[in-house]
Each structure stands twice: as C-alpha cells, then as structure tokens.
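# Structural characterization, general
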Amino acid sequence: MDEKKVMLSGIQPSGDLTLGSYLGAIKNWAERAESFDCYYFMADMHSITVRQDPAALRRRTLEQLAQYIACGLDPEKNTLFIQSHVHQHAELGWVLNCYTMFGELSRMTQFKDKSAKNKDNINGGLFTYPALMAADILLYQPDYVPVGEDQKQHCELTRDVAQRFNGIYGDVFKVPEPYIPKVGARIMSLSDPLSKMSKSDKDPAGSIYLMEKPEDIQRKFKRAVTDSDTENCVRYDPVNKPGVANLMAIYAAVTGKSFDEIEAEFAGQGYGKFKPAVGEAVVETLRPIREEASRIMSDKAYLESVYRAGAERASYVAEKTLRKVYKKIGFVAR
Ligand code: ATP
Ligand code: LTN
C-alpha cells in the first residue's frame, strides 16, 4: 500500500503566472513531487468570480498546465487536472457552503481586496469562494496544502469547516495543514513594495511573469522601486526598506543564499550593482522553465492526454470522499 503523504494545491488561471506564484507555491510543489502523492490543478471555477474573457481563460488554463510541467511537475508522478473537469468539486462545494458561516466568509481578506478592486461585480461566488476552496482540498484528504502566505486564511477556514463537519458526522475529512515556504511566501510588487505581486495586477511593471523575455525581466529589476533613504546600502530591513527587503527575498529564494550572505556579497556596492544581479539570477532561474513551457505548449495532443488522465485519477479519489459525505448527511444513494 502507498504510504506517501498527500499534497494538494491549485492556482487560478486568472492571469499569467508570476514569480510570486512560482516562489510562493509551485517551487515548493516541484521540490516535493517525489516524496508525496500530489494533486495540482488549474482553478478555473474560482477564476470566474472575476469576469474573464472566455478565449483568454481557455488559453491560460492550458498554458498554466504547460508551466506546471515545465516547473518540474512530472504528470506521471503528479495528478495534474483542470478543476471544472472533476464535477465533485462543484458538488462538495455546495455542501460545504451550508457548513460555512456568513461571518467567517465576511472576514476573508481576499474577498475584501477583490471586492474593492471589482466594485461593479461583487458576486455571490466571490463571497462563497472559500467554501469551494475547502471542497477542492478536502475531497483529496491531503496532509499538506502548499500555498503562499496570502492563502493561509483560506486554509485555516478549511480546517475549521472540516472540524465542524467531523464534529457532527464523525471523521470524514482529514484536517490538512497549510505548507508555507520560509523565504518567498510573500513576494511584493516591484513597483509598489507594499502590495503583493499579483498576476491580475493592472500594472505589469510590478510583476515578473514566468514566460517573460530576459531583457524585459532585467529592465523591470533595474527600475524596481528601492527606498527613498540615502543610505544606498543592501541591508535587510522590511519595515524601513521594504523595496530592498523584497529584492533580497527574491534573490534569497532563487539562489538559496541567506540574508547575511547577501549583505556581505553587496557590501559597499549599492543598489546599482544589486538590482541587475537579482535580475540576472531570476532570468537564469526562469530560462529553462520558459523554454520548456513553450515547447510543451506547441504539443496540444500531449497536453490533452495529461489533463484527461489527471481528471480521471482525481475523479476517482474525489468520488470516494463525496459518496461518504452524501451518505453522512442523509442523501439517498442513487
Ligand atoms: P490573482 O491576482 O488572480 O488573485 P495571484 O497572483 O494573487 O492571483 P493566486 O492565483 O492567488 O495568485 O496564487 C497562486 C499561488 O501562489 C497561491 O498559493 C498564492 O499563495 C501564491 N502566491 C501568489 N502571489 C504570491 C506572491 N506575491 N508571493 C508569494 N506567493 C504568492
Ligand atoms: N484560492 C487560491 C487558489 C485555490 C487553491 C485551492 C489553493 C483554489 N483552490 C485549493 C490551494 C488549495 C488562490 O486564490 N490562490
């Protein structure tokens, strides 16, 4: 019998993947792909909580799959699938909506942020989204959910919902732990170091995209907002020097160096040397991913075979949990 622990995570195809998505989430997935039983999906159902262009959504969903594979997730060893292909997500999502409280949903920062950004479309899905996310997770009984810092609150809500449900019906769900990286859990925008780097940001200067050309990446790093102090010194101080601290976090995450080592490396050299060095390290990290993803994108038949097989495997596991839930809550078996 397979004794491996289970890991699961998803990303919305709501924009092109960024360095934030990579360092906060995917890098962690790829590094653990061998030792865990892993499920990773494209959260297309979540992405329609914000209005999407249909053709762009379709394209980005497939590109995201190609990028997952290019980041090192081998489809033979990981179950890679598209959320809407596994109908159990919508079904358990509805059930869990009825076990998630209005007050809990009202406290979610992602809801507050996104409703502030999309004032003309504050829809029910945007509000109840965390119940669907709880379903995404609990269907697969995972031990860990590798995400960036911003998703911690949703993971905690998932734990609360699972515990509430188990409290009523007995042990139905495993209560999972969020798995957040020590470095890179919250990469900030290069143009505004006080806000998170985000793939749906309207200002592309703040985000580095996985598929971006090296010269564009370098240009963005050279123009990255550092700090208004006159010190011009590479020192880790997130409160007073958030721009430099963010660049240091990026450099640390891609090179594996500690903050002390980075300070020593750039002692007396100023931002003029530091910023292009970070750019160069990021370019070299992303180069193989970009090249491999472009190659995979051109093979549509392969991508289709991957997401079909993934949906089949995911559905099999998800169905077991869903049946158990339906039985416990009193639905008549078909
Ligand atoms: P959107 O702009 O559509 O809300 P996003 O860019 O904020 O998207 P998500 O799809 O919400 O990204 O996140 C995908 C995964 O990457 C999640 O696990 C999230 O925690 C992580 N992540 C996203 N942005 C960052 C970031 N700037 N730093 C670290 N991790 C991040
Ligand atoms: N809410 C996440 C995406 C997401 C997810 C999940 C992450 C949807 N379902 C399940 C982990 C597990 C986001 O907005 N980044």
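Structure report, in brief. (Residues numbered from 1 in each chain as written. Chains lettered and ligands numbered in written order. Predicted model: local features only at pLDDT ≥ 70, side-chain atom pairs only at ≥ 80, totals over all residues. Heavy atoms only, no water.)

Okay, the packing of aromatic side chains next. For the structure shown, the criterion picks out 18 aromatic pairs. Seen from their ring centres, Phe102 and Phe127 are 5.1 Å apart, and the 50 degrees between their planes marks the pair as tilted. Placement of Phe102 in helix 5 (residues 102-106) and of Phe127 in helix 7 (residues 124-138) is noted, with a sequence separation of 25 residues between them. Three or more aromatic residues joined by ring pairs form one cluster here, namely Tyr39, Phe41, Phe81 and Tyr140. (Phe/Tyr/Trp six-rings, centres within 6.5 Å; stacked < 30°, edge-to-face > 60°. Helix = DSSP H or I, 4+ residues; strand = E, 2+ residues; numbered from the N terminus.)

Time to look at the packing of helix 1 (residues 19-31) against helix 10 (residues 242-255). As a packed pair, helix 1 and helix 10 sit with axes 11 Å apart at the nearest point and diverge in direction by 45 degrees. Comparing the axis directions of helix 1 and helix 10 gives the class oblique. Taken as a pair, helix 1 and helix 10 cross one another with a handedness that is left-handed. Contacts from Leu19, Leu23 and Lys27 in helix 1 reach Ile250, Ala253 and Val254 in helix 10. Among the residues making up the contact of helix 1 with helix 10, the classes are represented as 5 nonpolar, no polar and 1 charged. (Axes fitted to C-alpha atoms, helices over the stretch in contact; angles between N-to-C directions. Parallel < 35°, antiparallel > 145°, perpendicular 65-115°, else oblique. Left-handed = near helix turned anticlockwise from the far one by under 90°. Contact = heavy atoms within 4.5 Å. Nonpolar A, V, L, I, M, F, W, Y, C, P; charged D, E, K, R; others polar.)

In total, this model carries 19 salt bridges according to the counting rule given. The shortest N-O distance in the salt bridge between Lys213 and Asp216 comes to 4.0 Å. Measuring nitrogen to oxygen at the nearest pair gives 3.0 Å for the salt bridge that ties Glu319 to Arg323. Here Glu319 pairs with Arg323, and both are found in helix 13 (residues 300-329), just 4 residues apart, close to one helical turn. Salt bridges linked by common partners bring Asp16, Arg59 and Glu63 together as one network. (Salt bridge = Lys/Arg side-chain N within 4 Å of Asp/Glu carboxyl O.)

Relative to the 44 Å expected for 30 residues at 1.5 Å per residue, helix 13 spans 42 Å between its end C-alpha atoms, a close match to the ideal helical length. Among all positions of helix 13, only Leu303, Val306, Tyr307, Gly310, Ala311, Ala314, Ser315, Ala318, Glu319, Thr321, Leu322 and Val325 are buried. Summarising the contacts, the buried residues of helix 13 are in contact with helix 3 (54-70), strand 3 (78-82), helix 4 (88-97), helix 7, helix 8 (152-169) and helix 12 (271-297). Following helix 13 by one or two positions, Gly330 has its phi on the positive side, about 105 degrees. (Expected span 1.5 Å × (residues − 1). Buried < 20%, exposed > 50% of the residue type's maximum accessible area, 1.4 Å probe, protein only.)

Moving on to the nonpolar core. The nonpolar side chains of soluble globular proteins are, as a tendency, buried together. Ranked by size, the top nonpolar core spans 57 residues in total, and within it Leu19, Tyr68, Ile208, Phe221, Ile250, Phe274 and Val282 carry the most contacts. Considering every element that reaches this core, the biggest residue donor is helix 12, with 11 residues. Sequence-distant contacts of Val282, that is, excluding residues within four places in its chain, are made with Leu19, Ile208, Ile217, Phe221, Ile250 and Val254. Val6, Val95, Tyr99 and Leu105 belong to the second-largest nonpolar core, a separate cluster that totals 38 residues. (Core = buried A, V, L, I, M, F, W, Y, C linked by side-chain atoms within 4.5 Å.)

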